[in-house]
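Tertiary structure, described
One-letter residues, chain by chain:
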Amino acid sequence: MAGIGFQLKELYNRSNFFAQLRAYGYSALTAVGPMFLSILLITAAREWLIYLNAPNSEVNLFIASVQYTFIFSQILTGGFLFVISRFVADQTFMEKEENVLSSMYGVIGIVLLIGFVITVLFYWLSPLPLLFKFSSYLLFVELNIVWILSMYVSALKDYKKIVKGYLLGVAVAAIVIWVMTGLLGIKTATAVFIGLDAGFLLIAIMLTRDIFGFFQLNNKRYFYFLTYIEKYPFLFFIGLFYYLGLYGHNIAVWLGDRRVMVADTFLMAPYYDTPVFYAYLSVLPALVLFMVTLETTFYQTYKKYYGRILNGFPLQDIESAKQEMYRTLRLEILFLAQVQLLVTFIFIFIGVRFLPFVGLTQDQIDIFMIVVLGSWFLSLMITFFLILLYFDERKAAFSLTGFYVLSSFLATIFFSGLFNLYGAGMFVAAVLSFVYGSRLLMKQLNEIDYTTFCHQPIIYKEKMTKTEQFLRKVGSFD
């Protein structure tokens, strides 16, 4: 998020209160824009169908299918996003921006090919109408593209265009859904999907236009970025495990006694998925705070520490910069934890008072409260693994995200299967991962001198990867 981070810093450092408020607003839409807008559209569309007295079968079909497209598009793109983020940062730093645009084509092509195969296999025996299959698949395609484009857009410096693209997409989706279901009276899941397709198509077009305006050169090395999967394999699995961890406990419940089969196609558990859906909204402020505070305040001390090392400052000055970096990091994490804890209590209060009005039972509200509490630990765990990536501790971040995936899935099966306690598995896994992540981070910080001065090679020599050798053989670099 470097390009946006620099722009936000200009706003955040101003004494003007409204400038800082704008910084938080823009960072919110930039960091969690696609996710937040997707959640907003899904919730509004569901309530709109219910308001129109649409058949329950259509409402359930919409919820199930949009949940699948949302979850599995993130899982599919997660690993590629972390790899491509490193690739774009490196190519931009080395002033080889001609590799950036071509990599965008390459990663989109690979993801869409994989997604097409998965969708064909998934829908092969489904009795659903062909038009519904196509409209839901189209949304799946657009979400994959938007997640990828959002990562590339983070290198741009004009965040106003990002905000404009997202807001226009939401407006178009809302209008098309209203026309299809309200004016034309087509009260079906397919009609809503057509509206969502239109909105996300506009978002994708506007983001693509902005990217073309910034990265104008294309050397047609579409798959050169694949060399980074071989160079940094941990990054790919960190991204994959991150999203698997977010939704792994949902999948575990889908396999249990609470599972429901919708339209002989979608396996889900509304009893559990609905409160978790609302509870996860509480994590969004932490993502925004991380972007604004750590990407601005902490980054300056981080840059100062390594800058003094690279410029040969005396050891005393380097040590002073390190202590300043530690102090800033500690204060920022504490601030994030305090704000997120306040958000947690606010969500619990709002959930207890208002969730019954949207149809949640007392048992579901209990699940909501447990998951909200677990989300506080989860938000800190996410912060820890992102900081580990800041220090290029990919193995430690891989270990942390892998631990959460495994513990969340197994703990959910254990607590829900044996004790009928839903949400407890996610909570326990988040607490254990928080403890494990804090130990990993403290270990890395305690060993930072060894890692910086002794762990790196004295003379770095670039080696040609096997992937690059293969791409040269097939003529991809010609």
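Since this is a predicted model, take the numbers as computed values, not measurements. In this convention, every chain numbers its residues from 1, walking through the sequence in written order. Totals for whole chains, interfaces and linings use all residues, but because this is a predicted model, local features are given only for residues with pLDDT of at least 70 and pairs of side-chain atoms are given and counted only at 80 or more. Heavy atoms throughout the structure, all of them, feed into the side-chain values; hydrogens and water do not.

Quick look at the overall build of the protein
What counts is decided by this rule: Each helix corresponds to a stretch of at least 4 residues labelled H or I by DSSP, and each strand to a stretch of at least 2 residues labelled E; elements are numbered beginning at the N terminus. Each residue gets one of three labels from its accessible area relative to the maximum for its type: buried under 20%, exposed over 50%, partly exposed in between, using a 1.4 Å probe on protein chains only. Any pair of residues with heavy atoms lying within 4.5 Å of one another is described as a contacting pair. With residues, only the protein chains shown are counted as cover, and all accessible areas are computed by Shrake-Rupley using a 1.4 Å probe.
If you tally the helices and strands in the protein, you get 17 helices and two strands. Within the protein, buried positions represent 52% of all 478 residues. Sequence separation of 24 or more characterises 81% of the internal contacts of the protein that already satisfy a separation of 6 or more. Taken as a whole, the protein presents about 22,800 Å² of accessible surface, with 67% of it coming from carbon and sulfur.

Side note on the packing of aromatic side chains
How two aromatic rings sit relative to each other is given by the distance of their centres and the angle of their planes. Under the convention used in this document: Centres within 6.5 Å make a pair out of two Phe, Tyr or Trp rings, where for Trp the six-membered ring is used; the pair is then stacked when the planes are under 30 degrees apart, edge-to-face when over 60, and tilted otherwise. As a reminder, the over-ring test applies to NZ of lysine and CZ of arginine, requiring each to be within 6 Å of the ring centre and within 35 degrees of the ring normal.
For the structure shown, the criterion picks out 49 aromatic pairs. Ring centres of F80 and F236 lie 5.3 Å apart, and the angle between their planes is 90 degrees; on these two criteria the pair is classed as edge-to-face. Of the two residues, F80 sits in helix α3 (residues 56-93) while F236 sits in helix α9 (residues 233-254), which places them 156 residues apart along the sequence. Classification of F80 as buried rests on a relative accessible area of 9%. Ring geometry for F87 against Y224: centres 5.7 Å apart, planes inclined by 75 degrees, an arrangement best described as edge-to-face. Linking F87 in helix α3 with Y224 in the loop between α7 (189-214) and α8 (226-231), this pair joins segments that are 137 residues apart in sequence. You'll find F87 and Y224 in the same group, each marked buried. Taken together through their ring pairs, the aromatic side chains of Y68, F72, F122, Y123, W254 and F266 make up a single cluster. Across from the ring centre of Y232, 4.3 Å away, lies the NZ or CZ of R86, which sits over that ring.

Points about unusual backbone geometry
One non-glycine residue, E95, lies in the positive phi region at around 60 degrees. By the element assignment, E95 lies in the loop between α3 and α4 (98-123). Phi angles above zero are rare outside glycine, and A263 is one such case at about 55 degrees. Tracing the sequence through the fold places A263 in the loop between β1 (260-262) and β2 (266-268).

Thoughts on the pattern of salt bridges
Our working rule: One speaks of a salt bridge when a side-chain nitrogen belonging to Lys or Arg is within 4 Å of a carboxyl oxygen belonging to Asp or Glu.
The full count for this structure, using the stated rule, is nine salt bridges. Here R86 ties to D90 by a salt bridge, and the two come within 3.2 Å at their closest N and O atoms. Of the two residues, R86 and D90 are both situated in helix α3; the distance of four residues between them amounts to about one turn of the helix. On the accessibility criterion, D90 (18% relative accessible area) is buried. Residue R86 pairs with D392 through a salt bridge whose shortest N-O separation is 3.3 Å. Linking R86 in helix α3 with D392 in the loop between α13 (362-390) and α14 (394-418), this pair joins segments that are 306 residues apart in sequence. One connected set of salt bridges, linked through shared partners, spans R86, D90, D392 and R394.

What to know about the side chain of T328
Rule in force here: Polar contact criterion, stated in full: a pair of N or O atoms within 3.5 Å, where within protein one must be able to donate a hydrogen and the other to accept it, and residues adjacent in sequence count only if both atoms are side-chain atoms.
In this structure, T328 sits in helix α12 (residues 315-354). Owing to a relative accessible area of 13%, T328 belongs among the buried residues under this scheme. Separated by 2.9 Å, the side chain of T328 and the backbone oxygen of E324 make a polar contact. If we skip the residues at most four places from it in the chain, T328 touches T297, F298 and T301.

Description of the nonpolar core
Counted only if it meets this: To form a nonpolar core, buried Ala, Val, Leu, Ile, Met, Phe, Trp, Tyr and Cys residues must be joined to one another through side-chain atoms within 4.5 Å.
If you look at the biggest cluster of nonpolar residues, it comprises 132 residues, and the most contacted ones within it are F62, Y152, F266, Y280, L378 and F391. With 18 residues, the top contributor of residues to this core is α3. Setting aside residues up to four positions removed in sequence, L378 forms contacts with L246, Y280, Y404, M426 and A430.

Notes on a nonpolar patch on the surface
Heads up, the rule is: Only residues whose relative accessible area exceeds 30% and that form no salt bridge are eligible for patches; like-charged ones are grouped when within 9 Å, while nonpolar side chains (Val, Leu, Ile, Met, Phe, Trp, Tyr) are grouped when within 5 Å.
A surface patch of nonpolar side chains, about 810 Å² in accessible area, is lined by L113, F116, V117, V120, L121, W124 and L125. Within the fold, L125 resides in the loop between α4 and α5 (130-153).

Describing the environment of V405
Structurally, V405 is set in helix α14. Relative accessible area serves as the criterion here: at 18%, V405 is assigned to the buried category.

Looking at the packing of α9 against α13
Convention followed: The convention used is that axes are lines fitted to C-alpha atoms, helices contributing only their stretch in contact, and that angles between N-to-C directions extend from 0 to 180 degrees. Here the word oblique covers every angle except those under 35 degrees (roughly parallel), over 145 (roughly antiparallel) and from 65 to 115 (roughly perpendicular). Side-chain classes are defined by residue name, with Ala, Val, Leu, Ile, Met, Phe, Trp, Tyr, Cys and Pro counting as nonpolar, Asp, Glu, Lys and Arg as charged, and the others, Gly among them, as polar.
Axis separation between α9 and α13 bottoms out at 13 Å; the angle between their running directions is 175 degrees. Taken together, the axes of α9 and α13 lie roughly antiparallel to each other. Across the interface between the two elements, L235, I238, Y242 and L246 from α9 touch L378, I382, F385 and L389 from α13. Looking at the contact of α9 with α13 residue by residue, the class counts come to eight nonpolar, no polar and no charged.

With respect to the side chain of S73
Inspection of the secondary structure assignment puts S73 in helix α3. Residue classification places S73 among the buried positions, given a relative accessible area of 0%. In contact with S73, other than residues within four places in its own chain, are Y68, F140, L143, N144 and W147.

A few points about helix α10 (residues 270-279)
Across the 10 residues that make up α10, a large majority, seven, are buried. Every buried residue of α10 is listed here: Y271, Y272, D273, P275, V276, Y278 and A279.

Observations regarding the confidence of the model for the protein
Threshold: What pLDDT conveys is the predictor's confidence in a given residue, as a value from 0 to 100.
Counting all residues, the mean pLDDT for the protein is 87, and 87% of those residues have values of 70 or more. Taken element by element, the predicted model of the protein shows its lowest mean pLDDT in helix α1 (residues 2-12) (47) and its highest in helix α15 (residues 424-446) (96). Here residues 1-8 is a poorly scored stretch, pLDDT under 50, and it has 23 contacts once near neighbours within four places are set aside; other chains count.

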